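# Structural characterization, general
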Amino acid sequence: PVLTSPLHIAVVGGGIGGLAAALATARAGHRVTLVERAARFGEIGAGLQLAPNASLALDELGVLPAVRASAVAPPRLVMMDALTGDEVTSLDLRSSAYTDRFAHPYLVTHRTDLHAALLTACQEHPAVTLRTGHTVTEADQDGSGVHLHFAEGHAPLTADAVVAADGLHSRLRQELVGDGEPVCSRYVAFRGALPTGKMTGRMSQHAASEAVMVWAGPRMHLVQYPVRRGELYNQVAVFESDHYTPDSDDWGTEAELEERFAGACEAVRDALPLVSRDRRWPLYDRAPISTWVHGRIALLGDAAHPMLQYLAQGACQALEDAVALGQALGQSADPAEAFAAYADRRRERATLVQTNARRFGEICHLEGMGATLRNMLLSSRGPEAFDDISWVWTPTPAPAPAL
Ligand code: FAD
C-alpha cells in the first residue's frame, strides 16, 4: 500500500543501529527525530567486520559505496592456533564458491568510517532531524503517541512511535522488559587500530596479506585485520579473567592480559605490545527475549539482542533490523502493525545468532584435548566450505508485499 500519512518516528540512540534505523525510516517516507545522549556523534577507534548480510543491508540503505570507499575487502578469513602458530582453517572470500553464494562483499572497516557514512546520509536526508545532548530518561505512551523525557531538561518530545536503539544498557528496555543488568561473560577485550607501518617483521606480513587473522587459544584469542584502505591495522585481544568481581572494575587487567598470552606463539607475543591499552571492554550479552515491541515502542540493535562478539554480528544484525524496520514502515503507516511485522521478521533469526555467538566463543577458547579435536575437525574443511557459516551471513528474505 502507498503511504498516505507519514508518521513522526523518534529514534533513541545514535550508534550504528540508531542511525541506520533513522535512515531506513526516512527512506520509507516518514519523518524522523533521532536523539543521542552524547554531546557529539561518534564511534570508538576500533574496527568492525561486516559480513555479506551487513553489506547487503548497507546497499539497501544506499550507503554501501560510501562505506566501500574506505573499507577493506579481505581476501581470506584465517583461523590460527595461538599456541602453535599453525594455520587451522581458512575461508577464501575471493573464490567462486563465495561469489556464487553471496552477492555482497565481506568487508572490514573502521567503526568511525561506517558511523560517518550513516551520519552523513542522515544529515543529507531532509526528513531526518538529529539532536545530541538529549538523554532519554522515560517514555510514556498513550493511544496517540509516545512522549520522551530528557535528563537535560529539554521540552518533552512527542512522536507517533519510538525506536529504542540505546544499546546494551538500554534505558528503554529496562523500563519495558526489566530484565536487569547485562550478563558479564568474565571476558574482556583490549582493542584499537594503529598505523599499519608500525607492524614489523612477521606481523607486517600478516598485515600486508590483508586477511582477517583469528588466533584462537585457551581462554583467549587475538583478532587482526586492516581497516581504512589498509592504512590502519586493527587488533583485538580477548581473554577470560580469573579475578572477575561484579562490583568492581579491578579485573581483566593489563597484567592479566600479559599473563594469559604469555604461552602464545611468537607471532602473537610480538603483536601483543601493539594492542591498544587505552581502555578495556568487559564483554556482556543478555538472554534473548520474545517481545521486542511494547505498544508504540520497538527495540532495535543491541537494545533488542545484545550478543557476544564471537560471530562478529552485533552491528550486522542491527543493520538487518534497520532494513526490516524500513520495509515494514514502508508497507504500513500503522506503527503497531509495522512494528509487529518488523519483529516477526527479525526476532527468530537474531535470537539464533545471539545464542550461537556464545557457543562460537566457547569453541574458539577450547583448551587441551578440546582444542586438538576442534583443530582436527576444522582443518579437514577446505577454504570454500561456507555451509556452516552461510546461514549467519544470509538474512531472512522479506515476505512478498501483499497485493
Ligand atoms: P550502541 O553502539 O551501543 O549505540 C547506542 C547509542 O545510544 C549510543 O550512541 C549511546 O550514547 C546512546 N544512548 C544510550 N542511552 C541513551 C539514552 N538514554 N538517551 C539517548 N541516547 C542514549 N559487531 C559486528 O557486526 N562486527 C564486529 O566485528 C563486531 N566486533 C565487536 C567487537 C567487540 C570487542 C565488541 C564489544 C562488539 C563488537 N560488535 C561487532 C558488536 C557491535 O559493536 C554492536 O552490536 C553495535 O555497535 C551495536 O550498535 P547499537 O547502535 O545497537 O548500540
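A brief report on the enclosed structure follows. (Residues numbered from 1 in each chain as written. Predicted model: local features only at pLDDT ≥ 70, side-chain atom pairs only at ≥ 80, totals over all residues. Heavy atoms only, no water.)

Across the sheet, which stays open at both edges, the six strands sit in the order S7-S2-S1-S11-S18-S17 with mixed pairing between neighbours. Edge positions in the sheet fall to strand S7 (128–131) and strand S17 (293–294), since each has one partner strand and no second. The pairing of strand S1 (residues 8–12) with strand S2 (residues 31–35) spans five bridges and is classified as parallel. Each bridged residue has a counterpart across the sheet, and for His8 the counterpart in S2 is Arg31. (Pairing = 2+ DSSP bridges. Helix = DSSP H or I, 4+ residues; strand = E, 2+ residues; numbered from the N terminus.)

What the rule picks out here adds up to 19 salt bridges. The partner of Arg229 in a salt bridge is Glu231, and the shortest N-O contact between them spans 2.9 Å. Across the pair Asp321 and Arg346 runs a salt bridge, and its minimum N-O distance is 2.6 Å. On the criterion of sequence distance, the pair formed by Asp321 in helix H10 (residues 314–331) and Arg346 in helix H11 (residues 335–364) is long-range, its members being 25 residues apart. Each member of the pair, Asp321 as well as Arg346, is classed as buried. In this structure, a network of salt bridges that share partners links the residues Arg219, Glu240, Asp242 and Arg260. (Salt bridge = Lys/Arg side-chain N within 4 Å of Asp/Glu carboxyl O. Buried < 20%, exposed > 50% of the residue type's maximum accessible area, 1.4 Å probe, protein only.)

Near the ligand there are 30 residues, and of these Gly17, Glu36, Gln49, Asp302 and Ala315 occur at the shortest range. A distance of 2.6 Å is found between an oxygen atom of the ligand and a side-chain nitrogen or oxygen belonging to Glu36. Between an oxygen atom of the ligand and a main-chain N or O atom of Gln49, the distance comes to 2.9 Å. Protein coverage of the free-state accessible area of the ligand, which is 1000 Å², stands at 86%. Every element with two or more residues in the shell around the ligand is listed here: helix H1 (16–27), strand S3 (47–50) and H10. (Near = heavy atom within 4 Å. Polar contact = N/O pair within 3.5 Å; in protein donor to acceptor, adjacent residues only side chain to side chain. Areas by Shrake-Rupley, 256 points an atom, 1.4 Å probe, with all protein chains shown as cover.)

It is worth spelling out the environment of Leu283 at this point. Examined against the element boundaries, Leu283 turns out to sit in strand S16 (residues 280–285). In this structure Leu283 comes out as buried when scored by relative accessible area, which is 11%. The spatial distance from the C-alpha of Leu283 to the C-alpha of Arg186 is 7.0 Å, given a sequence separation of 97 residues. Residue contacts for Leu283: discarding those within four places in its chain leaves Val183, Cys184, Ser185, Arg186, Tyr187, Val188, Ala189, Val238, Leu308, Gln309 and Tyr310. (Contact = heavy atoms within 4.5 Å.)

This next bit is on the sheet that holds strand S15 (residues 232–240). Taken in spatial order, the seven strands line up as S5-S4-S13-S14-S15-S12-S16 in an open sheet, and their pairing is mixed. Since the sheet does not close on itself, it has two edges, and those belong to strand S5 (87–92) and S16, each with one partner. Put simply, the sheet's adjacent strands are angled 20° from each other on average, direction ignored. Where strand S4 (residues 76–81) lies against S5, five bridges are found, and the strand directions are antiparallel. Residue pairing for S5: Arg76 is matched across the bridge by Asp92. (Axes fitted to C-alpha atoms, helices over the stretch in contact; angles between N-to-C directions.)

Residues other than glycine seldom take positive phi values, yet Arg228 does so here, at roughly 45°. The phi angle at Ala312 is positive, at roughly 50°, despite the residue not being glycine. With respect to the helices and strands, the residue Ala312 is situated in the loop between strand S18 (297–299) and H10.

What follows deals with the pairing of strand S8 (residues 136–142). Looking at chain direction, S8 and strand S9 (residues 145–150) are connected through six bridges and run antiparallel. Bridged to Glu138 within S9 is His149.

Turning our eyes to something else, we now look at helix H7 (residues 201–209). Turning to H7, its buried residues number three or more, namely Met203, His206 and Ala207. Along the long axis of H7, the arc covered by the buried residues comes to 100°, so they all point the same way. Residues of H7 that are exposed and point more than 90 degrees away from the buried face comprise Gln205 and Ala208. Elements that come into contact with the buried residues of H7 comprise strand S13 (212–217), S15 and helix H9 (266–271). Within two residues after H7, Glu210 carries a phi angle of roughly 65°, on the positive side. (Arc of directions from axis to C-beta.)

What follows deals with the packing of helix H2 (residues 52–60) against H10. Across the interface, H2 lies against H10 with an axial gap of 8 Å and an inter-helix angle of 35°. Here H2 and H10 pass one another in a crossing that is left-handed. Residue-level inspection shows Asn53, Ala54, Ala57, Leu58 and Glu60 of H2 in contact with H10, the latter providing Cys316, Gln317, Leu319, Glu320, Val323 and Gln327. Each residue belonging to the contact of H2 with H10 can be placed in one class, and the counts come to six nonpolar, three polar and two charged. (Left-handed = near helix turned anticlockwise from the far one by under 90°. Nonpolar A, V, L, I, M, F, W, Y, C, P; charged D, E, K, R; others polar.)

It is worth spelling out the environment of Trp251 at this point. When you line up the elements, Trp251 lands in the loop between S15 and helix H8 (254–260). In sequence terms Trp251 and Ser241 are 10 residues apart; their C-alpha atoms lie 6.6 Å from each other. In this view, Trp251 contacts Cys184, Arg186, Tyr187, Val188, Ser241, His243, Tyr244, Thr245, Glu256, Arg280 and Pro282; residues no more than four positions away in its chain are not counted.

Interpretation note: all reported values are geometric properties and have no functional meaning in isolation.
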